[in-house]
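Examining the three-dimensional arrangement
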Protein chains: 2
Amino acid sequence: MTKKNNNKSLIKTVSLTPPSLQDNTADAERLIRAIKSRLKTNTVDIDLYLLRELPVLLRNWKYNVRCILLKDRSRWILTGIANSTDTIPITGLAVDLGTTKVVLRIIDLSTNQILAEHSFDNPQIAVGPDILTRIHYADQDEGLKKINRLIIDGLNKMIEELCSSCNIKPADIYLISLAGNTAMTHLFMGLNPHWIIREPYIPVVNKPGLFKAKEFGINVNPLARVIIFPNVGSYFGGDLIAGILFSGIYKKEDMSILVDVGTNAEVLLGNKHWLIACAGAAGPALEGGVTKMGMLAGPGVIDRITIDPLTNNIKAHTAGNAPPKGICGSGLIDLAACLFLNGIIDIHGKFVPSMCGSRLKDKDGVQHYVVVPASESGTDLDLIISQADLDSLIRSKAAMYTILETITSSVGISLKDLSVFYVAGTFGSYINPKSAISIGMLPDLPIDCYKSLGNSSLGGATMAITSDCLNEIDNIRDKITYLELNVNQEFMNRFSAAKFLPHTDNSLFPSVKRSRSRLET
Amino acid sequence: MTKKNNNKSLIKTVSLTPPSLQDNTADAERLIRAIKSRLKTNTVDIDLYLLRELPVLLRNWKYNVRCILLKDRSRWILTGIANSTDTIPITGLAVDLGTTKVVLRIIDLSTNQILAEHSFDNPQIAVGPDILTRIHYADQDEGLKKINRLIIDGLNKMIEELCSSCNIKPADIYLISLAGNTAMTHLFMGLNPHWIIREPYIPVVNKPGLFKAKEFGINVNPLARVIIFPNVGSYFGGDLIAGILFSGIYKKEDMSILVDVGTNAEVLLGNKHWLIACAGAAGPALEGGVTKMGMLAGPGVIDRITIDPLTNNIKAHTAGNAPPKGICGSGLIDLAACLFLNGIIDIHGKFVPSMCGSRLKDKDGVQHYVVVPASESGTDLDLIISQADLDSLIRSKAAMYTILETITSSVGISLKDLSVFYVAGTFGSYINPKSAISIGMLPDLPIDCYKSLGNSSLGGATMAITSDCLNEIDNIRDKITYLELNVNQEFMNRFSAAKFLPHTDNSLFPSVKRSRSRLET
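Residues numbered from 1 in each chain as written. Chains lettered and ligands numbered in written order. Predicted model: local features only at pLDDT ≥ 70, side-chain atom pairs only at ≥ 80, totals over all residues. Heavy atoms only, no water.

1. What to know about the overall build of chain A
Check the secondary structure of chain A and you find 16 helices and 22 strands. Its C-alpha radius of gyration of 26 Å places chain A within 12% of the 24 Å reference for a compact globule of 521 residues. If one aligns the C-alpha atoms of chain A with their principal axes, the spans along those axes are about 95 × 50 × 45 Å. Within chain A, the proportion of its 521 residues that are buried is 60%. Pairs at least 24 residues apart make up 65% of the contacts formed inside chain A by residues separated by at least 6 positions. Surface exposure of chain A reaches about 20,600 Å², of which carbon and sulfur atoms provide 51%. If the 53 positive side-chain charges of chain A are averaged to one point and the 51 negative ones to another, these points end up 5 Å apart. (Helix = DSSP H or I, 4+ residues; strand = E, 2+ residues; numbered from the N terminus. Rg over C-alpha atoms; globule rule 2.2 N^0.38 Å. Buried < 20%, exposed > 50% of the residue type's maximum accessible area, 1.4 Å probe, protein only. Contact = heavy atoms within 4.5 Å. Areas by Shrake-Rupley, 256 points an atom, 1.4 Å probe, with all protein chains shown as cover. Lys, Arg positive; Asp, Glu negative; His and termini not counted. Charge placed at Lys NZ, Arg CZ, Asp CG, Glu CD.)

In structure tokens, the structure reads:
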């Protein structure tokens, strides 16, 4: 996303023929004519605010103008102009509006280089950490206004900080793109999300499109527009559409799958001809959220684990190489995989006492396995994983695999037919696909099929302001068929089969079988 | 313009399928889908303000909605919604923004019936009666803001009055169209008209398009849009484009001409294939502005005159049959025609003393003709016309005729080739074409070729809000070739020839020759 001098850039520098008696076209149409020669368009909308400034600016700038242009479906909008000799960057802001984290990225729209990036906690956490609490809060008297204010004020504050970190002013931001789940997007727009969580689960809008930043109270350039990513429904939001845009799945001949793992697992399967999506609860275990030692990313979090097959010694890698304090989702999957591949847990995910040695402890009738002894931990306590933690992880991984099987079988294909398997989100950046395969959470594809997309929502939001792709975004959204996951007998059968490590049907995971072969002998 | 149940109406009543688990499209897209079935469009823009209200309104109204729709070039905009059972009229406001008079008309957009109409003096007259003074004023410190405020405040006040006169609220106005000359339009929009009057005469914008009423500070429905008629240049404004739309010239196979007579004569010639326009100074004489007895329309103004050929007695018809106080443009042309046809003035427009009798008086060496003696006048003074008044009228009528000859000959046709001759404006409603022909101001076409358009600017503005014709308006504007009137030798030759009554070339006016034949014998 840092291509220089991208000719898809939304900034065009144009030279206007100065007016004469022979050519007395008005200022606005003179500018549009010059733009037209670059864009092959017949209509460029110019705001009243800009029209009022235009004649003096054009003459001061001797008719050489940098134009910031945005295509809204069928029409182009001039969202700003600058003197062609001016060196202050014309920038855009990409926003990944997460329920927990909000990530902002400022991009120089002339070069498409990232100037600054920062994340902050969604200030709506003050109301409640989860979506449901926030939606209920919004239903109270003035609740919607207040919760909307929280995110708007938070964004304004961070925009100011981020701008000063890269020596620009908020007024230098001419374009914003915002990708968030359906509820977060509603709360940002001041739309009541009341009906999102109530049958039949209706958002206020699917394709919000383009608005002026000042309509939302966002303090950037007064002409700036906000591109809001569309949603497919209450449970498949703009963050995922942004991810699909970023992945490019919708342009490829081969079939790919995109998985965004969190408390909810959102899955998109398809190619250039069709796209099918579903979302389902995978449980918080995959995020490391339920284990006693679970924590979010941060110094001291265990993100990678290996076990010496001879000594069963655990080697835990931590962020910042700090003494270990807890474990995140990817670490937990590594841990489960290592425990399983080394026979410390069996195919049911139960501890095998003979293999655990002194690490296995009993506390109030529940078995615990010491991952990091107190002597080596950053908390001066044993870092442990309990049988309950493992059970919960297995239910989550089984749900994940079942969703993957359900979506592929709904279009009559097998997971083996996938050419690329994208894993999105922070989780996707850290997860070791080999481990996820080992526990049967992800299918047994060649490791190089797995591609981590990182923050694909932010990536898609960045694309939206660095090239003309609003129609593309709409097309992606419109192409998606949403598959309702009915928890019927077939789903339950699949789920039960997936609750084994790696699976009841071992033949689905030949590589895991090979890895475990020494245990069988 | 008062067709009932016009199917071109911008109001569509739609019934939405209520949401269900099988059909969980969002509220906005559900509404758009219903609209789409009526309009065959893929995009309908909905304002944020409306989106915020939409879910509650749709549910309260049981998904039956009246929609006010406006097409802005390629996209449709939803400018308002109402309960389908609501009986408050959904209205639009057409504005003829004249330099002197502003005329407002409120139209029920469901039936296209006129609910109320009123005119008021343009409050900018306080700054100066003419365009030039106002443009200079706008150049002063805060001048533009102040002069813009004058018209906006004036409009808001009159809108309120007009609304209460027909029992609606300003919030019931969802659409406004505004047709004015280029300078008045600029001042309304808050655009600096500085460059309009300075070589090379550049407006800020030619095709302003569509704006929100609240951007201008017009207090109507918060969602209301304003359609602003485009201009061809500094001297051919939106009022004329509205007139062309109203006349329908641009749709006809035959060639027609449209003349708007005032201090400036604006002329449009063409048919469905081409349109050519020009504007030129005709002098204020045609408006009755310079004669001592000249006055604008009002009670006591002489608007029609006949002379008894036997007694030379003048019969003056006045507005409201009040005692005569003055004369307006159409009366003056009648007067000149009668004087000429009865030999009281000669082909040079000079008084023929032998024919004038006691009505001819001398005052300070200038000859005056008593039109109405003091005993019969409403002012207790003689109402007189001087030789200087007549000279001025003849220069104006010669300029008018020269402009008509120039524009027709520029495309190689003769005035005789015209099938319809439209005369626009208040002037056009009162002028007697026979009189105008008699003095050689208008060409000697059969009388039934002449059609008075009335307030064609208001008529066009009305069309803009009662049917989807924004593209048509743009097309008219783009089709017009503007002919610069160069005052060269050819023009001067024509002008000199036209300074005779009716013309040097008598063969151009056979009907006048016949009428005057008794004088020749």
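There is more to say after this.
2. Quick word on the packing of helix α1 (residues 27-39) of chain B against helix α2 (residues 48-60) of chain B
All names here are of chain B. Across the interface, α1 lies against α2 with an axial gap of 9 Å and an inter-helix angle of 70°. It follows that α1 is roughly perpendicular to α2 by the angle criterion. Taking contact as the criterion, the partners of Asp 27, Ala 28 and Leu 31 in α1 are, on α2, Leu 51, Leu 54, Pro 55, Leu 58 and Arg 59. (Axes fitted to C-alpha atoms, helices over the stretch in contact; angles between N-to-C directions. Parallel < 35°, antiparallel > 145°, perpendicular 65-115°, else oblique.)

3. Concerning the relation of the copies chain A and chain B
Between the two copies of the chain lies a relationship made up of a rotation around an axis and a movement along it. Once chain A is rotated about the relating axis by 180° and shifted along it by 0.0 Å, it coincides with chain B to within an RMSD of 0.2 Å. One copy is carried onto the other by what is essentially a two-fold rotation axis. Among all residues of chain A, the one whose C-alpha sits closest to the rotation axis is Ser74(A), at a distance of 3.3 Å. Both copies contact each other with a shared surface, as 100% of the interface residues of chain A are interface residues in chain B too. (Least-squares fit on C-alpha atoms with pLDDT ≥ 70 in both.)

4. Brief notes about the packing of helix α3 (residues 131-139) of chain B against helix α4 (residues 143-165) of chain B
All names here are of chain B. Where α3 contacts α4, the two axes come as close as 6 Å, and the packing angle between them is 130°. In terms of axis orientation, α3 runs oblique to α4. Contact residues: Arg 134, Tyr 137 and Ala 138 in α3; Gly 143, Leu 144, Lys 146 and Ile 147 in α4. When grouped by side-chain class, the residues that make up the contact of α3 with α4 number 4 nonpolar, 1 polar and 2 charged. (Nonpolar A, V, L, I, M, F, W, Y, C, P; charged D, E, K, R; others polar.)

5. Section: the interface of chain A and chain B
On the chain B side, the residues contacting the 43 residues of chain A number 43 residues. Taken over both partners, the interface formed by chain A and chain B buries close to 3,500 Å², and the fraction arising from carbon and sulfur atoms is 61%. At the boundary of chain A with chain B, the tally comes to 2 salt bridges. Of all the secondary structure elements, the ones that give two or more residues to the side of chain A that touches chain B are α1 (27-39), β2 (44-46), α2 (48-60) and β9 (209-212) of chain A. For the side of chain A that touches chain B, the element with the most residues is α2(A), which contributes 6 residues. For the side of chain A that touches chain B, a count of residues per class yields 20 nonpolar, 7 polar and 16 charged. (Buried area = accessible area lost by both parts, 1.4 Å probe. Salt bridge = Lys/Arg side-chain N within 4 Å of Asp/Glu carboxyl O.)

6. Brief notes about the sheet that holds strand β16 (residues 326-327) of chain A
Residue and element names in this part refer to chain A. Read across the open sheet, the 3 strands follow the order β15-β14-β16; overall the sheet is mixed. On the outer flanks of this sheet lie β15 (314-318) and β16, each paired with one strand and no other. For strand β14 (residues 301-307) and β16, the ladder comprises 2 bridges, and the chain directions are parallel. From the neighbouring strand, Ile 302 faces β16, where its bridge partner is Ile 327. Contacts between helix α7 (residues 329-341) and the sheet are confined to β14, β15 and β16, with β14 contributing the most and set at about 15° to the helix. (Pairing = 2+ DSSP bridges.)

7. Thoughts on the pattern of salt bridges
As enumerated under the stated definition, the model contains 40 salt bridges over all chains in all. Close ionic contact of Asp478(A) with Arg477(A) constitutes a salt bridge, the shortest N to O distance being 3.1 Å. The partly exposed category is assigned to Asp478(A), whose relative accessible area is 42%. For Arg477(A), a relative accessible area of 14% translates into the label buried. A salt bridge links Arg75(B) to Asp72(B), with the nearest nitrogen and oxygen atoms 3.1 Å apart. With relative accessibility at 11%, the residue Arg75(B) sits in the buried group. Given the relative accessible area of 4%, Asp72(B) is considered buried.

8. Some thoughts on the packing of aromatic side chains
Considering all chains together, one arrives at 14 aromatic pairs over all chains under this definition. A ring pair is formed by Tyr401(A) and Phe509(A), whose centres lie 5.5 Å apart and whose planes are at 50°; its orientation type is tilted. Of this pair, Tyr401(A) sits in helix α9 (residues 387-410) while Phe509(A) sits in the loop between α14 (489-498) and α15 (510-515), and the two are 108 residues apart along the sequence. In this structure Tyr401(A) comes out as buried when scored by relative accessible area, which is 3%. Accessibility expressed as a relative area gives 0% for Phe509(A), which makes it buried. A ring pair is formed by Tyr201(B) and Tyr235(B), whose centres lie 5.9 Å apart and whose planes are at 65°; its orientation type is edge-to-face. Taken together, the residues span a long stretch of sequence, with Tyr201(B) in the loop between α5 (182-189) and β9 (209-212) and Tyr235(B) in the loop between β10 (225-228) and α6 (238-247) at a distance of 34 residues. Taking relative accessible area as the criterion, Tyr201(B) reaches 29% and is therefore assigned partly exposed. The exposure class assigned to Tyr235(B) is partly exposed, which follows from its relative accessible area of 38%. Taken together, Phe188(A), Phe211(A) and Phe216(A) form an aromatic cluster joined through their ring pairs. Lying across the ring of Phe340(A), Arg516(A) places its NZ or CZ 4.0 Å from the centre. (Phe/Tyr/Trp six-rings, centres within 6.5 Å; stacked < 30°, edge-to-face > 60°. Lys NZ or Arg CZ within 6 Å of the ring centre and 35° of its normal.)

9. Regarding the pairing of strand β6 (residues 101-108) of chain A
Residue and element names in this part refer to chain A. Counting buried positions along β6 gives 7 out of 8 residues, so the element sits mostly inside the fold. With 7 bridges connecting them, strand β5 (residues 91-97) and β6 associate as antiparallel partners. Bridge assignment links Gly 92 to a residue of β6, and that residue is Ile 107. Hairpin remark: β5 followed by β6, antiparallel, with 3 residues in the connecting loop. With 8 bridges joining them, β6 and strand β7 (residues 113-121) adopt antiparallel strand pairing. Counterpart to Lys 101 in the pairing with β7 is Asp 121. Where β6 folds back onto β7 in an antiparallel hairpin, the turn is made up of 4 residues, including Asn 112, whose phi is positive at roughly 60°.

10. Re the side chain of Ser377(B)
Residue and element names in this part refer to chain B. Within the element layout of this structure, Ser 377 appears in the loop between β18 (366-372) and β19 (383-386). The buried category is assigned to Ser 377, whose relative accessible area is 7%. Within the structure, Ser 377 has its side chain in polar contact with the side chain of Thr 379 (distance 3.1 Å). At 3.1 Å, the side chain of Ser 377 and the backbone nitrogen of Asp 380 are in polar contact. With residues up to four places along the chain from it excluded, the contact list for Ser 377 reads Pro 323, Pro 324, Val 372 and Leu 383. (Polar contact = N/O pair within 3.5 Å; in protein donor to acceptor, adjacent residues only side chain to side chain.)

Nothing here speaks to function; it is geometry throughout.
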